[in-house]
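What the coordinates show
If you want the building blocks of each chain, they are given just below.
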Amino acid sequence: MPSVASRISTRDRVNAPSAHGSAGPAATGDPATSDQMASAELTCPADLVRMAAGLGIEADQPSAVCPADARRLSKVLFARLRAAEEGTAEYSYVRGTLIELNMALVKFAASRFTHRKEPVEDMLQVGTIGLIKAIDRFDPSFEVEFSTFALPTISGEIKRFFRDTGWMVHVPRRLQELRLVLAKTSDAMEQLLDRAPTPGELAEHLALTEDEVREGLIASQAQSASSLDAPAPGHQTDGGSALADRIAREEGAFETVLCLETLKPVLAALPERDRTILSLRFGAELTQGEIGRRLGISQMHVSRLLTRILTGLRAELQAEA
């Protein structure tokens, strides 16, 4: 099946002379047909097909209409959209049809950012939001092509998506813009110097301080992140050591902190005397005899109490696990 861009305009097919030498319906210029097109309500695909046929356009599938016919049909639909009352069935249908007719603009705008790592589906979704905003704001009375008006809005929406969600670590807008300036300047100077420019050379060229340039270079590293499981620089992808093996270290106190956090709610539920015994034994590190003298009980009693308390704690923690 030929692509949309390669399809012959349906206007040319309809306007072509028939075998009997008569012109197509769009060439008749019948005023009655134009009046019917202007007055007929447009709320369903059948209405659209009839209206488009009056223009010499086949619109069974709006998304498959060739670009030239999409522009002609969009002009008529924009006039209908501005004349319709917002919230009516005609307004909703015409607005939806305009979105479907002009999705090619979204795909074109998204194709300019395919070098980015973001999924194309996300860019198309965000670009469609820009297309809807452009349709709602477009004024046909300015006599400007809709594509000319819509493309900056669609591209701006995609760029805003990159700015707001495309960074692994959020940095201020000032540093995001500085990163772009540094990248363009660095590429240009590298062509002239036949090597990567130093921060000092970039600072001199941009009339900035070296600290500002270094801050921008550091911020550029926050746009994307590498997996700790990825091979370390200088190692082969197969069987090489991972980044985690070189920069990670065992945290000795982690298990202790985890155990303490797990014990907190369990200890809080104990009677006050049991908490006191545990605090004296494991916090103050007193012997069982010293604890007994403080509490006025025997060392053997303290031993039995500790055994009961610890057994209960162990059983409760195992039950939670």
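So, a few notes on the structure that sits alongside this text. (Residues numbered from 1 in each chain as written. Predicted model: local features only at pLDDT ≥ 70, side-chain atom pairs only at ≥ 80, totals over all residues. Heavy atoms only, no water.)

Observations concerning the overall build of the chain
Across its full length, the chain carries 16 helices and zero strands. Each of the 321 residues in the chain was classed as buried or not, and the buried ones make up 30%. Long-range pairs, those at least 24 residues apart, make up 55% of the contacts in the chain with a sequence separation of at least 6. When the accessible area of the chain is evaluated, it comes to approximately 20,700 Å², of which 55% is carbon and sulfur surface. (Helix = DSSP H or I, 4+ residues; strand = E, 2+ residues; numbered from the N terminus. Buried < 20%, exposed > 50% of the residue type's maximum accessible area, 1.4 Å probe, protein only. Contact = heavy atoms within 4.5 Å. Areas by Shrake-Rupley, 256 points an atom, 1.4 Å probe, with all protein chains shown as cover.)

Overview of the layout of surface pockets
Roughly 570 Å³ of internal volume is contained in the second largest pocket. Lining the second largest pocket are 25 residues, with Ala70, Arg71, Leu101, Asn102 and Leu105 positioned closest to its centre. Within the residue set of the lining of the second largest pocket, elements represented by two or more residues are α4 (67-83), α5 (89-101), α6 (103-111) and α8 (146-165). The element that contributes the greatest number of residues to the lining of the second largest pocket is α4, accounting for six residues. Here the lining of the second largest pocket is built from residues that sort into 15 nonpolar, four polar and six charged. (1 Å grid on protein atoms, 1.4 Å probe; cavity = no way out; pocket = protein on both sides within 12 Å on 5 of 7 lines; lining within 4 Å. Points joined across faces, edges and corners; volume = space filled by probe spheres on them. Nonpolar A, V, L, I, M, F, W, Y, C, P; charged D, E, K, R; others polar.)

Things to note about the nonpolar core
A general trend in soluble globular proteins is that nonpolar side chains are found buried together. With 37 residues, the main nonpolar core has Leu48, Leu73, Leu77, Ile135, Phe146, Ile154 and Ile158 as its most contacted residues. The set of elements that each furnish at least two residues to this core consists of α3 (45-54), α4, α5, α6, α7 (120-137) and α8. In this view, Phe146 contacts Phe78, Asn102, Leu105, Leu131, Ala134, Ile135 and Phe138; residues no more than four positions away in its chain are not counted. Core analysis: the second largest hydrophobic core is formed by twelve residues, Val266, Leu280, Leu286 and Leu306 among them. (Core = buried A, V, L, I, M, F, W, Y, C linked by side-chain atoms within 4.5 Å.)

Points about the packing of helix α13 (residues 254-268) against helix α16 (residues 299-320)
The interhelical angle for the contact between α13 and α16, taken along N-to-C directions, is 120°, at an axis separation of 11 Å. If you check the angle between α13 and α16, you find them oblique. Crossing of α13 against α16: the hand is right-handed. Seen from α13, the contacting residues are Thr262, Leu263, Val266 and Leu267; seen from α16, they are Leu313, Glu316, Leu317 and Glu320. (Axes fitted to C-alpha atoms, helices over the stretch in contact; angles between N-to-C directions. Parallel < 35°, antiparallel > 145°, perpendicular 65-115°, else oblique. Left-handed = near helix turned anticlockwise from the far one by under 90°.)

Re the environment of Ala79
Among the secondary structure elements, Ala79 is positioned in helix α4. When the C-alpha positions of Ala79 and Asp139 are compared, they lie 9.1 Å apart, and in sequence the two are 60 residues distant.

Quick look at the packing of aromatic side chains
Evaluation of the coordinates by the stated rule reveals four aromatic pairs. Seen in terms of ring centroids, Phe78 and Phe146 are 4.8 Å apart; in terms of plane orientation they differ by 50°. Their pairing is tilted. One end of the pair, Phe78, is in helix α4; the other, Phe146, is in helix α8, and 68 residues separate them in sequence. Among the aromatic side chains, those forming a connected cluster through ring pairs are Phe78, Phe138, Phe146 and Phe149. (Phe/Tyr/Trp six-rings, centres within 6.5 Å; stacked < 30°, edge-to-face > 60°.)

Considerations on a nonpolar patch on the surface
On the surface, a cluster of nonpolar side chains totalling about 290 Å² of accessible area is made up of Phe142, Val144 and Phe149. Within the secondary structure, Val144 is located in the loop between α7 and α8. (Patch = residues over 30% accessible without salt bridge, like charges linked within 9 Å, V, L, I, M, F, W, Y side chains within 5 Å. Salt bridge = Lys/Arg side-chain N within 4 Å of Asp/Glu carboxyl O.)

Description of the pattern of salt bridges
In this structure the tally under the stated criterion is twelve salt bridges. Across the pair Arg80 and Glu90 runs a salt bridge whose closest N-O atoms are separated by 2.6 Å. One end of the pair, Arg80, is in helix α4; the other, Glu90, is in helix α5, with ten residues separating them in the sequence. With relative accessibility at 13%, the residue Glu90 sits in the buried group. What you see here is one network of salt bridges that share partners, running through Lys133, Glu157 and Arg160.

Here's the deal with the packing of α4 against α7
Between α4 and α7, the shortest axis-to-axis distance is 10 Å and the interhelical angle comes to 70°. On the basis of the axis angle, α4 is roughly perpendicular to α7. In this structure, α4 contributes Phe78, Leu81 and Arg82 to the contact, and α7 contributes Ile135, Asp136 and Arg137. Of the residues assigned to the contact of α4 with α7, the class counts are three nonpolar, no polar and three charged.

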